[in-house]
Amino acid sequence: MDQSEVIEIFRKAGAYLEGHFILTSGLRSPIFLQKARVFMHPDLTERLCRALADKIRAAVPGKIDYIVGPAVGGLIPAYETSRHLGPPAIYVERENGRFRLRRFEVAAGARVVIVEDIVSTGLSIRETIEALQEIGVEVVAAACVIDRSAGKVDVGVPLIALAQYEVPAYPADALPPELAAIPAVKPGSRSL
């Protein structure tokens, strides 16, 4: 599956939004990829995550013990990707503002791949890596449906992206006039 097919799935699901959006990072963008509108469709989610699983399988040598998703956005793609790869899907969630593996026990040395929905700055993946490394887990790679940085972000481990799709993003005090003229909305989930 190539980038155009991935973006077409987002368009088909009504998940390719245009307007003025406040991203999780605080940056502003004229495009928001509302993955929840894709993930509500099992057939579309299955297509994306099967293709992502194939890319992970080709890129990661050796056994993968767990697929780990950062809550909230990574839950569905981590589960669906794990369904195609075989290892159990687990997730980290915020506790006092930090990601923790609260509901699951994983042995030190377990090999995991983090699966995220969309990566912009890579912060959720880096925070997930930190939480897992604190308990002795080996993060062998991270993967995402879309890398909005088009390969520019460094998450600290190899990042496998189904699609690299650079979306413009601007600091709030440096908006182009056409974006500044539109009211901003914040559709992300970081504050959850």
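What counts as what
- Residues numbered from 1 in each chain as written.
- Predicted model: local features only at pLDDT ≥ 70, side-chain atom pairs only at ≥ 80, totals over all residues.
- Heavy atoms only, no water.
- UniProt positions renumbered as here; feature names shortened; annotations may be inferred.
- Helix = DSSP H or I, 4+ residues; strand = E, 2+ residues; numbered from the N terminus.
- Contact = heavy atoms within 4.5 Å.
- Buried < 20%, exposed > 50% of the residue type's maximum accessible area, 1.4 Å probe, protein only.
- Core = buried A, V, L, I, M, F, W, Y, C linked by side-chain atoms within 4.5 Å.
- Patch = residues over 30% accessible without salt bridge, like charges linked within 9 Å, V, L, I, M, F, W, Y side chains within 5 Å.
- Areas by Shrake-Rupley, 256 points an atom, 1.4 Å probe, with all protein chains shown as cover.
- Salt bridge = Lys/Arg side-chain N within 4 Å of Asp/Glu carboxyl O.
- Disulfide = S-S within 2.5 Å.
- Pairing = 2+ DSSP bridges.
- Right-handed = clockwise from strand over helix to strand, strands pointing away.

## Section: the UniProt feature "binding site: orotate" (unreviewed entry) in the chain
Summarizing the sequence annotation, UniProt attributes the feature "binding site: orotate" (unreviewed entry) to Ser-120 and Arg-148 in the numbering used throughout. Sequence-wise these annotated residues cover 29 residues; spatially they are packed, their C-alpha atoms never more than 5.0 Å apart. The residue Ser-120 is located in the loop between strand E6 (111–119) and helix H5 (123–134) in this model. Excluding its chain neighbours within four sequence positions, the residues that come into contact with Ser-120 are Arg-148, Ser-149 and Val-153.

## Focus: unusual backbone geometry
That bond from Ala-71 to Val-72 is cis: its omega, 10°, falls within 30 degrees of zero. Within the fold, Val-72 resides in the loop between strand E3 (66–70) and helix H4 (75–85). For Ala-150, which is not glycine, the phi dihedral falls at a positive 55°. When you line up the elements, Ala-150 lands in the loop between strand E7 (138–147) and strand E8 (159–164). On the basis of relative accessible area, Ala-150 is assigned to the partly exposed category, the value being 27%.

## As for the nonpolar core
Within the largest apolar cluster, 33 residues are counted, with the highest numbers of intra-cluster contacts made by Phe-10, Val-38, Ile-56, Val-113, Val-145 and Ile-146. Ranked by size, the runner-up nonpolar core spans 23 residues in total, among them Val-68, Ile-90, Ala-131 and Val-155.

## Looking at the UniProt feature "domain: Phosphoribosyltransferase" (unreviewed entry) in the chain
The positions that UniProt labels "domain: Phosphoribosyltransferase" (unreviewed entry) are, in the present scheme, residues 46–154. Secondary structure content for residues 46–154 is 34% helix and 31% strand, and the end C-alpha separation is 27 Å.

## Considering a nonpolar patch on the surface
On the surface, a cluster of nonpolar side chains totalling about 220 Å² of accessible area is made up of Val-72, Leu-75 and Ile-76. Mapped onto the elements, Leu-75 comes out in helix H4.

## Some details on the state of the cysteines
The tally for this structure, following the rule as stated, stands at zero disulfides. Free cysteine Cys-49: the closest other cysteine sulfur is in Cys-144, separated by 11 Å.

## Quick look at the side chain of Thr-45
With respect to the element layout, Thr-45 can be found in helix H3 (residues 42–59). Using a relative accessible area of 3% as the deciding quantity, one classes Thr-45 as buried. Other than its neighbours up to four places away in sequence, Thr-45 contacts Val-38, Phe-39, Ile-76 and Glu-80.

## Side note on the pairing of E7
Most of E7 is tucked away: nine of the 10 residues are buried. Bridge count for E6 against E7 is eight bridges, and the pairing is parallel. Directly across from Ile-114, in E7, lies its bridge partner Ala-142. Taking the sense of rotation as the criterion, the β-α-β connection linking E6, H5 and E7 turns out right-handed. Direction of pairing for E7 relative to E8: parallel, over a ladder of five bridges. Bridge assignment links Ile-146 to a residue of E8, and that residue is Ala-163.

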